[in-house]
Amino acid sequence: MSVQGYWADQKSTIFRELPKDLVAILPVGAIEQHGPHLPVSVDRDLVEATLERALPLLLSDQSVLILPTLTITKSDEHNRHPGTLSLSAETLLATLRDIGASIARAGVRRLVFLNGHGGNTAVLDIAARDLRISQDLIVATCSWFGFADWDSVMDPKAMDYDLHAGDCETSPMLAAKPHLVDMTLAENFVTAMQDWEQRNQFIGLTGQAARPGWIIDDLNDKGACGDASAATAEKGRHLLDSAARNFAAFLLEFASFDHRG
């Protein structure tokens, strides 16, 4: 029998005999500043919006449980902006290890970290390998934006610098939670990355050989990067819908994935 829905909605008896192919999903968001026009909830909201759209697309015999969203994560690059809540990398890694161990005790073999915040990526990669070693879990790390179809609605050149709270996040927020977006404050937030790449041969954040450590103030003192003024709800719906569709297809693939074939 398949099981679908939210982990927290299930009776404890369900966990005594979970399907062998069940995939658990841990949504990983953030609470951090997103410029003057967006709420601090963006990274949580967009990962949850993707999952809300993906659930109805699952096949009837797919077994998928969505864990409670991990909302406060590693956002220290935004700490100088009020409203940001952040964990250290060490605390987030310990939290992921403990959650993973709890999931393994329930008899789950496959876990997906679905991320909504780029600053979490390195820690999620470490946690995924640690859980492979310590719990024998099969863990995949991914992000909602990795499944979205950007090419048909976004300018590829603009996307190189649309790093945070630009069109790439404002459009989906207009689709998911328009009442939280103030487009009168949206603008083209130009980033210092463009200057770095003009002045240096090897230094940058868009594929150059050397990637400097940075905080958001190094890129733009308003806390945003990209042309938020270009955002539309239509683009946002396309991005979220395509991300949900592709993520649902991935879950079917991952349910039978094994490292050893």
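Our structure is the block above this text.
Figured I'd write up the structure that's included with this text. Quick caveat: nothing in here was measured; it's all calculated off a predicted structure.

1. Comments concerning the overall build of the chain
Summing up its helical and strand segments, the chain has nine helices and seven strands in all. For the chain, whose C-alpha radius of gyration is 19 Å, the value lies close to the compact-globule estimate of 18 Å for 261 residues. Along the first, second and third principal axes, the C-alpha atoms of the chain reach 55 × 35 × 35 Å. Looking at the chain residue by residue over its 261 residues, the buried ones come to 51%. Looking at the chain alone, contacts between residues at least 24 apart form 79% of all its contacts between residues at least 6 apart. Entry remark: accessible area of the chain is about 12400 Å², with carbon and sulfur atoms responsible for 51%. Across the chain, the mean location of the 22 positive side-chain charges is 7 Å away from that of the 35 negative side-chain charges.

2. Topic: the pairing of strand 2 (residues 23-28)
For strand 2, the buried fraction is high: six of the six residues fall into the buried class. Two elements, strand 2 and strand 3 (residues 64-66), share three bridges in a ladder whose sense is parallel. Bridge pairing in strand 3 links Val23 to Val64. Of the crossover connections in this fold, the one passing from strand 2 over helix 1 (residues 42-54) to the parallel strand 3 is right-handed.

3. Regarding the side chain of Glu77
Relative to the assigned elements, Glu77 resides in the loop between strand 3 and helix 2 (89-105). Buried and unpaired, Glu77 has no salt bridge, with Lys74 as the nearest side chain of opposite charge at 4.4 Å. A distance of 3.3 Å separates a polar atom in the side chain of Glu77 from a polar atom in the side chain of His117. Apart from the residues lying within four places of it in its own chain, the contact partners of Glu77 are His117, Gly119, Trp214, Ile215, Ile216 and Asp217.

Reading the values: the criteria
Residues numbered from 1 in each chain as written. Predicted model: local features only at pLDDT ≥ 70, side-chain atom pairs only at ≥ 80, totals over all residues. Heavy atoms only, no water. Helix = DSSP H or I, 4+ residues; strand = E, 2+ residues; numbered from the N terminus. Rg over C-alpha atoms; globule rule 2.2 N^0.38 Å. Buried < 20%, exposed > 50% of the residue type's maximum accessible area, 1.4 Å probe, protein only. Contact = heavy atoms within 4.5 Å. Areas by Shrake-Rupley, 256 points an atom, 1.4 Å probe, with all protein chains shown as cover. Lys, Arg positive; Asp, Glu negative; His and termini not counted. Charge placed at Lys NZ, Arg CZ, Asp CG, Glu CD. Pairing = 2+ DSSP bridges. Right-handed = clockwise from strand over helix to strand, strands pointing away. Salt bridge = Lys/Arg side-chain N within 4 Å of Asp/Glu carboxyl O. Polar contact = N/O pair within 3.5 Å; in protein donor to acceptor, adjacent residues only side chain to side chain.

Coordinates in, geometry out; function isn't part of it.
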